[in-house]
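A look at the structure
What follows is each chain in one-letter form.
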Amino acid sequence: MEEKAEVKILLVDDREENILALETILETEGYKFVKARSGREALKCLLDDHDFYLIIMDVIMPGMNGFETAELIYSREKLKNIPIIFLTAIDIEENMYKGYKAGAVDYINKPFVPELLRAKVGAFVELSIKNKKLLSQEEKLRTINKNLEREIAERKASEEKVRQLNKHLEEKLEELQSLDAFAYSVSHDLMSPVNNISGLTSLLMKRYGDQFDGNVSKVLNLVMDSTQKMSEMIRSMLLFSRQANAELIKTEVDMNKIVHAVIDDIGTYKTIDHFRIKIDKLPLIEGDSNMLKQVWVNFISNAIKYSQKEEQPVIEVGASEENEDVVFYVKDNGAGFDMKNYDKLFGVFQRLHSAKDFEGTGVGLAIVKRIVERHGGKVWAESVLGKGSTFFFSLKPAHRRIPVKSLVK
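Structure report, in brief. (Residues numbered from 1 in each chain as written. Predicted model: local features only at pLDDT ≥ 70, side-chain atom pairs only at ≥ 80, totals over all residues. Heavy atoms only, no water.)

1. Here we look at the environment of Thr24
With respect to the helices and strands, Thr24 occurs in helix H1 (residues 16-26). Thr24 gets classed as partly exposed once you look at its relative accessible area, which sits at 45%. Sequence separation between Thr24 and Pro114 is 90 residues; the distance between their C-alpha atoms is 9.5 Å. (Helix = DSSP H or I, 4+ residues; strand = E, 2+ residues; numbered from the N terminus. Buried < 20%, exposed > 50% of the residue type's maximum accessible area, 1.4 Å probe, protein only.)

Below, the structure is given as structure tokens:
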């Protein structure tokens with residue numbers, strides 16, 4: 001049997017903690033891991049390297065789910081013999097047929113049972129090793145048979161097929177990237193009629209409001225409220241789409257100035273005098289200051305919004321250095337959320353609280369995620385329902401570092 005150090009496994013999951021859990025459980029087995037955070041990233045890995053013994057892939061991922069990714073993988077001749085184990089927290093019975101049709105060899109439920117995970121991975125790696133040996137022997141037999149003409153023809157056909165499939169995959173990736181541009185165009189075009197409705201309704205109420213009875217006035221107020229909400233959603237969608245194509249202008253960014261400016265701005269339209277806000281000295285960062293300001297605006301305004309009902313609201317802003325990254329955080333003692341809904345947290349138009357309790361469009365955190373990932377970082381959160389939340393994002397530090405000291409605002 002080959003050395004396990006030579007056995008390469010592709011881990012595909014959009015959540016870093018899941019990949020870390022897999023590595024931790026399997027690290028004693030001596031496997032070599034290659035990690036991908038999305039279906040598209042997995043396909044890019046496989047375009048460059050076919051020598052994988054196993055793929056462990058999450059079912060639910062943004063953009064392209066596990067089933068769709070598996071279908072594209074198995075459409076390539078050189079990849080069709082790599083076994084795939086799906087990770088899932090959803091109902092297996094409902095999705096089993098779909099998964100096996102896509103090419104899965106097995107499922108593993110979340111959360112992982114370490115012994116079961118190691119046993120299944122070990123079994124399929126062993127099968128994959130044997131399969132590779134059989135394929136190698138088959139190739140040797142074809143060479144011995146000296147059927148060179150047939151081999152040349154097959155090789156040419158295979159190379160052409162790979163080129164066509166690569167072209168198809170590239171077109172698929174371009175198509176996915178164009179969705180942001182489409183969303184921006186549609187949102188932009190919607191703004192004009194929504195503004196017209198709002199303006200005309202406001203004009204109608206101003207000129208003829210005293211002639212309307214109570215029911216008509218109530219209806220017009222509802223129209224105004226609805227157009228206002230629609231306008232906010234469209235503006236959020238425009239901002240979300242714009243982040244995909246906007247050029248990153250990286251400079252040395254003073255996060256301290258940005259955080260204090262954001263809090264001062266919020267204080268001009270919202271009463272925050274009763275908040276206790278603690279701000280650490282934050283390290284310098286290489287990044288786009290305008291985009292990073294949007295991150296702080298979302299995190300800090302959310303912390304204020306979800307803790308404003310507390311008798312003694314407290315917000316903490318700080319940073320720590322972990323390995324080669326700087327991890328920033330915003331912590332509050334507000335409403336919090338149930339971590340079982342975490343998968344929805346950074347999705348577009350996803351809300352974990354009722355709009356009656358807390359206003360918002362559900363786009364802010366999706367914008368944050370996009371900005372941070374464009375900077376090469378990651379974003380995550382921890383929370384306890386009714387006891388507050390902590391939101392984190394990681395970035396690369398600037399060359400000149402500033403020691404962390406606590407300040408109280």
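2. Digging into the pattern of salt bridges
One pass over the structure, following the stated rule, counts 15 salt bridges. Ionic pairing is found between Asp343 and Arg15, a salt bridge with its closest N-O pair at 2.6 Å. On the criterion of sequence distance, the pair formed by Asp343 in the loop between strand S10 (325-332) and helix H10 (364-374) and Arg15 in the loop between strand S1 (8-12) and H1 is long-range, its members being 328 residues apart. By relative accessible area, Asp343 is classed as exposed at 59%. Overall, the relative accessible area of 23% leaves Arg15 in the partly exposed class. Salt-bridge contacts for Lys110 lead to Asp58; the nearest nitrogen and oxygen are separated by 2.9 Å. You can see Lys110 sitting in the loop between strand S5 (104-109) and helix H5 (114-144) and its partner Asp58 sitting in strand S3 (residues 54-58), a full 52 residues away along the chain. Residue classification places Asp58 among the buried positions, given a relative accessible area of 4%. Members of the salt-bridge network, linked through shared partners, are Asp13, Asp58 and Lys110. (Salt bridge = Lys/Arg side-chain N within 4 Å of Asp/Glu carboxyl O.)

3. Comments concerning the side chain of Ser383
Mapped onto the elements of the fold, Ser383 is located in strand S11 (residues 379-384). A distance of 3.0 Å separates a polar side-chain atom of Ser383 from the backbone oxygen of Gly388. Residue contacts for Ser383: discarding those within four places in its chain leaves Gly336, Phe337, Met339, Gly388 and Ser389. (Polar contact = N/O pair within 3.5 Å; in protein donor to acceptor, adjacent residues only side chain to side chain. Contact = heavy atoms within 4.5 Å.)

4. Let's talk about the pairing of S10
When you tally the buried positions in S10, you get six out of eight residues, the bulk of the element. Pairing analysis gives eight bridges linking strand S9 (residues 314-322) to S10, with the strands arranged antiparallel. Its bridge partner lying in S10, Glu322 is registered against Asp325. The turn joining S9 and S10, which pair antiparallel and follow one another in sequence, is formed by two residues; a positive phi near 55° is taken by Asn323. (Pairing = 2+ DSSP bridges.)

5. Re the nonpolar core
Within the largest apolar cluster, 45 residues are counted, with the highest numbers of intra-cluster contacts made by Met255, Trp296, Phe299, Ile300, Phe328 and Phe393. When residues of this core are traced back to their parent elements, those giving at least two are helix H8 (255-269), strand S7 (276-280), helix H9 (289-307), S9, S10, H10, S11 and strand S12 (388-395). At eight residues, H9 tops the list of elements feeding residues into this core. Trp296 has contacts with Met255, Ile258, Val259, Val262, Leu282, Ser301, Val317, Phe328, Tyr329, Val330 and Phe393, leaving out every residue within four places of it along the chain. The next biggest cluster of nonpolar side chains, apart from the first, holds 24 residues, and it includes Leu43, Cys45, Met61 and Ile84. (Core = buried A, V, L, I, M, F, W, Y, C linked by side-chain atoms within 4.5 Å.)

6. What about unusual backbone geometry?
For the peptide bond that leads from Lys110 to Pro111, omega is -5°, which places it in the cis range. Relative to the helices and strands, Pro111 is located in the loop between S5 and H5. Positioned with a positive phi, Asn323 is a non-glycine residue whose angle comes to about 55°. Of note, Asn323 is situated in the loop between S9 and S10. Judged by relative accessible area, Asn323 falls into the exposed class, the value being 81%.

7. Here's the deal with H8
The end-to-end C-alpha distance of H8 is 22 Å, a good match for the 21 Å that 15 residues give at a rise of 1.5 Å each. When we look at burial in H8, the residues that qualify are Met255, Asn256, Ile258, Val259, Val262, Ile263 and Ile266. (Expected span 1.5 Å × (residues − 1).)

8. Things to note about the packing of aromatic side chains
Going through the model one piece at a time under the given rule, you end up with eleven aromatic pairs. Seen in terms of ring centroids, Trp296 and Phe393 are 5.2 Å apart; in terms of plane orientation they differ by 75°. Their pairing is edge-to-face. A residue pair is termed long-range when its members are at least 10 positions apart, and Trp296 in helix H9 and Phe393 in strand S12 qualify at 97 residues. The exposure classification of Trp296 matches that of Phe393, with both residues buried. Consider the rings of Phe328 and Phe393, whose centres lie 5.1 Å apart with planes at 25°: the pair is stacked. Here Phe328, found in strand S10, pairs with Phe393, found in strand S12; they are 65 residues apart in sequence, far enough to count as distant. Taking relative accessible area as the criterion, Phe328 reaches 0% and is therefore assigned buried. Seen from the ring of Phe52, Lys8 lies directly overhead, with NZ or CZ sitting 5.4 Å from the centre. Taking the ring centre of Tyr53 as reference, the NZ or CZ of Lys132 above it sits at 4.8 Å. (Phe/Tyr/Trp six-rings, centres within 6.5 Å; stacked < 30°, edge-to-face > 60°. Lys NZ or Arg CZ within 6 Å of the ring centre and 35° of its normal.)

9. Some points on the packing of H8 against H9
For the pair H8 and H9, the least separation of the axes is 9 Å and the interaxial angle reads 50°. Between H8 and H9, the interaxial angle falls into the category oblique. By crossing handedness, the relation of H8 to H9 is classed as right-handed. Where H8 approaches H9, its residues Met255, Ile258, Val259, Val262, Ile263, Asp265 and Ile266 are matched on the opposing element by Ser289, Leu292, Lys293, Trp296, Val297, Ile300, Ser301 and Ile304. Of the residues belonging to the contact of H8 with H9, the class tally is eleven nonpolar, two polar and two charged. (Axes fitted to C-alpha atoms, helices over the stretch in contact; angles between N-to-C directions. Parallel < 35°, antiparallel > 145°, perpendicular 65-115°, else oblique. Left-handed = near helix turned anticlockwise from the far one by under 90°. Nonpolar A, V, L, I, M, F, W, Y, C, P; charged D, E, K, R; others polar.)

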